[in-house]
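Structural overview
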Amino acid sequence: MDAVILIDVLDSHRRMMSRQRLSLRTAGPPLLVGRNLACDVVVNDRHVAPRHLEVTLGEDGVVHLTDLNTVNGLIVHGERIRRATLTQLPDSEVQIGRSRLRIRSSLETLAPEQADHESLRVRHREYGVMLAGSLLCMAFAALSAWTESPDQVRLAFASNVLLGGSLLGAWFLFWVGLGRVVRGHPEWLGHAAIALGAAGMSLWLAWGTEVAVFATGVPRLQWLGGILGTLIVSVALYLHVRIATRLTRPTVAMLAGVLPLVGVSAYLWFMTQRLGEDVDRIAAPGEIYPPTWSKRSGIRPEKFLDEAVVLRDRLDQKIAEDRLRQQHRE
């Protein structure tokens, strides 16, 4: 019985290093895998023995893998073993040293082709997110121009679009370039959708947080907005890194969770140190919004003035009492 064997050599990051198509016979010699140049499949890994593994074909058509008494052996399902069959390998992969072998046989029964509807849906979603993010960013730029420079709305709007577009463009080009270098695919549509979607949500979240604090008078809502903003940045960073690099999901999740927290903590510490040294600084009261947006119960001006007079009288009385105490001590 003859079989055609396809062996892919992958590194520790699951990047393909080589691919070889070989013939295997039941009564013929086995295929040898190792670092030795005399092997049929050469693996450039110092943790692989010169003659590490042999691949044979049984009379029943099953492909057998046998370790050649090496130090590291074969690793399947996280366990070190000496023998295995191709049907026992998860995803047809076996680890030797710090490399992986992905093995396929022509005797395998292939499943029928499946219709691919996901790719088209993914592209539609990316276009939709990109369009929605663009509209959110443009609407925020228009709102900022109208509230900050009502006499020169067009000029302020153009300035906001130019500044925001420059920042988003630099961010977008960084990830596209990284994906081009690392994976060979720029994936510009995916990175554009992530950048625009995250930017649109972050801008309106910041504005909505300010309005909520103004309406309710609860400053702690700023912390909630900050947490949600950090979460948006973490998700966007996770998606960018997943598309642009070959890092594993746990590694990407760790980076996406740690880096935004480190950045926010460093910014807060820097601002605290900087503003703490400025004794003449007076904190800004915040943005001014229509009074009808506020849900807090206010007081009438007459009552406010009466309370101010009472406070003044109490202060005068307190000053007089302090003077009397000072005179008695002297």
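Before reading on, note that the structure itself is shown above.
Report follows, based on the coordinates.

Considerations on the overall build of the protein chain
The number of helices and strands found in the protein chain is six helices and eleven strands. For the protein chain, the spread of C-alpha atoms along the principal axes amounts to about 115 × 60 × 30 Å. Per-residue burial over the protein chain gives 28% buried out of 330 residues. Taking contacts inside the protein chain between residues at least 6 apart in sequence as the whole, the part at least 24 apart equals 45%. For the protein chain, the computed accessible surface area is about 23,100 Å², with 60% contributed by carbon and sulfur atoms. Each charge class in the protein chain can be summarised by its mean position, and for the 37 positive and 33 negative side chains these summaries are 3 Å apart.

Description of unusual backbone geometry
Even without being a glycine, H77 presents a positive backbone phi close to 55°. If you trace the backbone, H77 turns up in the loop between strand 7 (74–76) and strand 8 (79–81). With relative accessibility at 62%, the residue H77 sits in the exposed group. One non-glycine residue, D91, adopts positive backbone phi at about 55°.

Concerning the sheet that holds strand 4 (residues 41–42)
Taken in spatial order, the five strands make up an open sheet running 4-3-5-6-9, and their pairing is mixed. Either end of the sheet is taken by a strand with one partner, and the two such strands are strand 4 and strand 9 (83–85). Note that strand 6 (residues 63–67) and strand 9 share three bridges and pair antiparallel. Bridge pairing in strand 9 links T66 to R83.

Topic: the packing of aromatic side chains
In the structure shown here, the tally under the stated rule is four aromatic pairs. Their ring planes at 80° and their centres at 5.7 Å tell us that F140 and W204 sit as a pair that is edge-to-face. A residue pair is termed long-range when its members are at least 10 positions apart, and F140 in helix 1 (residues 118–148) and W204 in helix 3 (residues 188–216) qualify at 64 residues. On the basis of an interplanar angle of 80° and a centroid distance of 5.5 Å, the ring pair of W204 and W207 is categorised as edge-to-face. You can see W204 and its partner W207 sitting in helix 3, three residues apart, about one turn around the helix. The exposure class assigned to W204 is partly exposed, which follows from its relative accessible area of 25%.

Describing the packing of helix 2 (residues 153–182) against helix 4 (residues 221–244)
Look at helix 2 against helix 4: their axes get within 8 Å of each other, and the N-to-C directions meet at 30°. Overall, the two elements helix 2 and helix 4 adopt an arrangement that is roughly parallel. Counting all contacts with helix 2, which are made through W171, W175, L178, G179 and V182, the residues of helix 4 involved are L237, H240, V241 and A244. Across the contact of helix 2 with helix 4, the residue classes break down as seven nonpolar, two polar and no charged.

Observations concerning the pairing of strand 11 (residues 99–105)
Taking every second residue as pointing to the same face, the buried face of strand 11 carries S99, L101, I103 and S105, while none of R100, R102 and R104 on the other face is buried. Both strand 1 (residues 2–10) and strand 11 contribute to a ladder of six bridges, which runs antiparallel. Among the inter-strand pairings, L6 is bridged to a residue of strand 11, identified as R104. As defined by bridge partners, strand 10 (residues 93–96) adjoins strand 11 across four bridges and the pair is classed as antiparallel.

About the cut-offs
Residues numbered from 1 in each chain as written. Predicted model: local features only at pLDDT ≥ 70, side-chain atom pairs only at ≥ 80, totals over all residues. Heavy atoms only, no water. Helix = DSSP H or I, 4+ residues; strand = E, 2+ residues; numbered from the N terminus. Buried < 20%, exposed > 50% of the residue type's maximum accessible area, 1.4 Å probe, protein only. Contact = heavy atoms within 4.5 Å. Areas by Shrake-Rupley, 256 points an atom, 1.4 Å probe, with all protein chains shown as cover. Lys, Arg positive; Asp, Glu negative; His and termini not counted. Charge placed at Lys NZ, Arg CZ, Asp CG, Glu CD. Pairing = 2+ DSSP bridges. Phe/Tyr/Trp six-rings, centres within 6.5 Å; stacked < 30°, edge-to-face > 60°. Axes fitted to C-alpha atoms, helices over the stretch in contact; angles between N-to-C directions. Parallel < 35°, antiparallel > 145°, perpendicular 65-115°, else oblique. Nonpolar A, V, L, I, M, F, W, Y, C, P; charged D, E, K, R; others polar.

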